[in-house]
Amino acid sequence: MCSYTYGPLLGLFAYALTKRQQLTPTTHHLTPVVCIASPLICYALDYLCTTYFSYHFGYELLMINGALTYLGLRVIKA
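Reading guide: rules and limits
Residues numbered from 1 in each chain as written. Predicted model: local features only at pLDDT ≥ 70, side-chain atom pairs only at ≥ 80, totals over all residues. Heavy atoms only, no water. Helix = DSSP H or I, 4+ residues; strand = E, 2+ residues; numbered from the N terminus. Buried < 20%, exposed > 50% of the residue type's maximum accessible area, 1.4 Å probe, protein only. Contact = heavy atoms within 4.5 Å. Areas by Shrake-Rupley, 256 points an atom, 1.4 Å probe, with all protein chains shown as cover. Phe/Tyr/Trp six-rings, centres within 6.5 Å; stacked < 30°, edge-to-face > 60°. Expected span 1.5 Å × (residues − 1). Arc of directions from axis to C-beta. Axes fitted to C-alpha atoms, helices over the stretch in contact; angles between N-to-C directions. Parallel < 35°, antiparallel > 145°, perpendicular 65-115°, else oblique. Left-handed = near helix turned anticlockwise from the far one by under 90°. Nonpolar A, V, L, I, M, F, W, Y, C, P; charged D, E, K, R; others polar.

Q: Please give an account of the overall build of the protein chain that cites residues and values.
A: Looking only at helices and strands, one finds 3 helices and 0 strands in the protein chain. Written out in order from the N terminus, the α and β elements of the protein chain read α-α-α. Counting the 78 residues in the protein chain, one finds 31% classified as buried. Within the protein chain, counting contacts between residues at least 6 apart in sequence, those at least 24 apart form 77% of the total. About 5600 Å² of surface is accessible on the protein chain, with carbon and sulfur atoms providing 72% of the total.

And the structure:
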C-alpha cells in the first residue's frame, strides 16, 4: 500500500528538486489529477502483469509510481 501513497510524494519531491525557479510552489490546476492518476495507472499495470504474466510488483512499483508522477508533472509543466 505504501507504493501507491508514497509514489506521488516521491514524484513531487523529485520534481521540486529539478525545478529551475526556486521557492515557487507547484500551483498548476492539474497537479492533483496527475497525483491521483499515477497510482491508478500503477494499479492497472500491477493487475495486468499479475493476470497475464503471473508477476506481482513489489517495491519497484514505488519507483514506477514516482516516475509516472514526475513525468506527468513535466508534461503539464507545473
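Next comes the rest of the account.
Q: I'd like a description of the packing of aromatic side chains, backed by residues and values.
A: Summed over all chains, the structure comprises 3 aromatic pairs. Where Tyr 55 meets Phe 57, the ring centres are 5.3 Å apart and the plane angle is 85°; that geometry is what we call edge-to-face.

Q: Kindly report on helix 1 (residues 2-18), identifying the contributing residues and their values.
A: Counted at 1.5 Å a residue, the expected span for helix 1 with its 17 residues is 24 Å, and the 24 Å between its end C-alpha atoms agrees. Along helix 1, the residues that are buried comprise Ser 3, Tyr 4, Gly 7, Pro 8, Gly 11 and Tyr 15. Buried residues of helix 1, viewed axially, fall in a sector of 130°; they line one side. Among the exposed residues of helix 1, those oriented more than 90 degrees off its buried face are Leu 9, Phe 13 and Leu 17. Summarising the contacts, the buried residues of helix 1 are in contact with helix 2 (31-53) and helix 3 (60-76).

Q: Let's hear about unusual backbone geometry: which residues, and what values?
A: Notably, Ser 54 is not glycine yet its phi reads approximately 55°, a positive angle. Take Ser 54: it is sitting in the loop between helix 2 and helix 3. Given a relative accessible area of 68%, Ser 54 falls into the exposed group.

Q: Tell me about the packing of helix 1 against helix 3, residues and numbers included.
A: Axis separation between helix 1 and helix 3 bottoms out at 7 Å; the angle between their running directions is 45°. Comparing their axes, helix 3 and helix 1 come out oblique. Handedness of the helix 1/helix 3 crossing: right-handed. Here Cys 2, Ser 3, Tyr 4, Tyr 6, Gly 7, Pro 8, Leu 10, Gly 11, Leu 12, Ala 14, Tyr 15 and Thr 18 of helix 1 lie close against helix 3, whose contacting residues are Leu 61, Leu 62, Asn 65, Gly 66, Thr 69, Tyr 70, Leu 73 and Arg 74. Here the residues of the contact of helix 1 with helix 3 are counted per class, giving 12 nonpolar, 7 polar and 1 charged.

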